[in-house]
Amino acid sequence: MKFLVVDDEKDVEMLFRQKFRKEIRSGAVELEFAFSGQEALDILENTQPPEVMYIFSDINMPGMTGLQLLEKVKEKFPKIQVSMISAYGDTENHDKAMSSGAKEFFIKPIDFNTLRNEVEQILKEQA
């Protein structure tokens, strides 16, 4: 399963590669990274149909926000599941994300056990 992580903080890539190293090694998960909402859309539009099955996106990014990305993904690629993350656990962002079609809403620091469970659930649904 190809999993796209969207975050303007580049150190997130190393963290995700470390936390999902077993899944990457076994071939269950392939990680791809975008450092802006527009870069994420470019990746999705590059392959028809997109290979990405799951997106994990930060909400607060310069340019296109994660919420704007969520709306565009749900409009153009409704089968791709999207979860959001925010450093702030504010109700407004949570409610907006969920009403826009987010699968889940995480608060930083990321609980990787919960995220791993979510990825495993998606893998089972795709099997």
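All of the points below concern the structure found in this document. (Residues numbered from 1 in each chain as written. Predicted model: local features only at pLDDT ≥ 70, side-chain atom pairs only at ≥ 80, totals over all residues. Heavy atoms only, no water.)

1. Some words on the packing of aromatic side chains
Two numbers describe a pair of aromatic rings. These are the distance of the centres and the angle of the planes.
Then step 1. By the definition in use, this model includes eight aromatic pairs.
Then step 2. Ring geometry for Phe-3 and Phe-20: centres 5.6 Å apart, planes at 80°, overall edge-to-face. Of this pair, Phe-3 sits in strand β1 (residues 2–6) while Phe-20 is found in the loop between α1 (11–19) and α2 (21–26), placing the two residues 17 residues apart along the sequence. The exposure classification of Phe-3 matches that of Phe-20, with both residues buried.
Then step 3. Arranged with centres 5.3 Å apart and planes meeting at 65°, the rings of Phe-56 and Phe-106 form a pair that is edge-to-face. Residue Phe-56 is located in strand β3 (residues 52–58), and its partner Phe-106 is located in strand β5 (residues 104–107); the two are separated by 50 residues in the primary sequence. Just as Phe-56 is buried, Phe-106 falls in that class too.
Then step 4. One aromatic cluster is present, formed by Phe-3, Phe-16, Phe-20, Tyr-54, Phe-56, Phe-106 and Phe-112 through successive ring pairs. (Phe/Tyr/Trp six-rings, centres within 6.5 Å; stacked < 30°, edge-to-face > 60°. Helix = DSSP H or I, 4+ residues; strand = E, 2+ residues; numbered from the N terminus. Buried < 20%, exposed > 50% of the residue type's maximum accessible area, 1.4 Å probe, protein only.)

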